[in-house]
Amino acid sequence: MTGLDHEALSAIVTELTAAISTVDDLAGLDEVVARATAKDGPLGSLKRSLGGIADLESRKSAGRAINDALAQVTAAADARRVTLAAAARTEQLEADRLDLTEVVIEDVRVPVVRGHEHLVSQTRASLEEVFVAMGFTVTEGPEVETDWYNFEALNLPPGHPARDMYDTMYLEIGEPETVLMRTHTSPMQIHLLEAAVEADALPVHAAMAGRCYRLDTPDARHLPVFHQIEGLVIDRGITFADLAGVIETFTSAYFGPDIHSRLRPAYFPFTEPSAEFEITCTICRGDGCRTCSRTGWIELGGCGMVDPAVFEAVGIDPTEWSGFAFGFGIDRCAQMRHQIPDMRLLIENDLRFNRQF
Ligand code: PHE
């Protein structure tokens, strides 16, 4: 033999590249490649025949031609592999796609389990309903507040020691410690009163619910993100007895006729006098147990007569108007009403828990 059969070589390359470009799955491609590189494949046998070429230079150049042919075939195979892999992936994605417009056919053998409102949302709605029944309007407001609304207008100027009651989450907006996540719903008192003054719309009887934030470590009785409902009544001739009456009415309306409320002296800068309000322990019904530290009472929130400093901050004449405010935890209400041992259950979204309500 004097040299390489170039025609045979190019016929082999043409055949292999044609096979590569028509193969339509990765397994098929692997087969073609295996055939191209096999020792006893078409290129392999050409290679073996090189031994028959006597002239060294011709033998070398024939070897190079075969290697080039092999490289050409492998390059074609690699390119095809990229295309086929992309197509396979697209097909997989299509197959995995959820059709959210799908119509669920009710089938008695496979009962359809629908979701429902979370217990906290249900609790908020029932609390709002109780206050609507008592003649309150229901509103809500921003979770991001300025220092003015959350503290200063509530008679908590910078440096006031009572600010320590609130472990505040500040936002890095503007001057340091000027913008924050509200630590209670009381800033809504200020928003509401400002609007009422502006619109000359006093009196107000309002309830405002929503999310609040404090840098607390979650435990059985605390969540760093929790919910409060705030009440505010401003009218002529409002007294502390009205406050006590509203709290008691709300308590038995929401928790049941055998659950009562009591007020104990406390301190809040934005109310004077101030009180903590407690309800009959729903676990022991007042007999005393571990949950209520054997007192028979559970603290639910704070309240009091609106402090003249708050009236002054919003420009209301305290000789003409008086009122009261209260605020308490919605999550705590849910916990007490349903005897939930650990508040963290409210945020874990374990369906075994959520489905019970
Ligand atoms: N905002 C107070 C708190 O979260 C509760 C409160 C509301 C007290 C209204 C008095 C009047 O601690």
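In what follows, the structure referred to is the one given above.
Since this is a predicted model, take the numbers as computed values, not measurements.

Definitions and cut-offs
- Residues numbered from 1 in each chain as written.
- Predicted model: local features only at pLDDT ≥ 70, side-chain atom pairs only at ≥ 80, totals over all residues.
- Heavy atoms only, no water.
- Helix = DSSP H or I, 4+ residues; strand = E, 2+ residues; numbered from the N terminus.
- Polar contact = N/O pair within 3.5 Å; in protein donor to acceptor, adjacent residues only side chain to side chain.
- Contact = heavy atoms within 4.5 Å.
- Phe/Tyr/Trp six-rings, centres within 6.5 Å; stacked < 30°, edge-to-face > 60°.
- Lys NZ or Arg CZ within 6 Å of the ring centre and 35° of its normal.
- Near = heavy atom within 4 Å.
- 1 Å grid on protein atoms, 1.4 Å probe; cavity = no way out; pocket = protein on both sides within 12 Å on 5 of 7 lines; lining within 4 Å.
- Sits in = over half its atoms within 2 Å of the grid points.

Chemist: Would you mind going over the side chain of E278 with me for this structure?
Modeler: Within the secondary structure, E278 is located in strand β7 (residues 271-280). Among the polar contacts listed, one links the side chain of E278 to the side chain of R262, at a separation of 2.7 Å. In this structure the side chain of E278 is engaged in a polar contact, spanning 3.3 Å, whose partner is the side chain of R264. Once you skip the residues sitting within four places of it in the chain, E278 turns out to touch H260, S261, R262, R264, W297, I298, E299 and L300.

Chemist: Would you take a moment to explain the packing of aromatic side chains for this structure?
Modeler: Each aromatic ring pair is summarised here by two numbers: the centre-to-centre distance and the angle between the ring planes. Applying the stated rule across the entire model yields 15 aromatic pairs. Through successive ring pairs, a cluster of aromatic residues spans F131, F136, F250, Y254, F255, F277, F324, F326 and F328. When the ring centre of Y254 is taken as reference, the NZ or CZ atom of R337 above it lies at 4.5 Å.

Chemist: Just checking my understanding: could you explain the environment of P142 for this structure?
Modeler: Note on placement: P142 falls in the loop between β1 (137-139) and β2 (144-146). Taking the C-alpha atoms as reference, P142 lies 9.7 Å from H191; in sequence the two are 49 residues apart.

Chemist: Before we go on, may I ask you to explain the site of the ligand in this structure?
Modeler: Looking at the ligand, there are 15 residues lining it, with Y166, H184, S186, R214 and Q228 nearest. Measuring from an oxygen atom of the ligand, one finds a side-chain N or O atom of R214 at 3.2 Å. Between the ligand and the protein, one listed contact pairs an oxygen atom with a side-chain N or O atom of Q228 at 2.9 Å. Among the cavities detected, the one that contains the ligand is the largest pocket. Ranked by the residues each element gives to the shell around the ligand, the list is headed by strand β9 (residues 322-329), at 3 residues.

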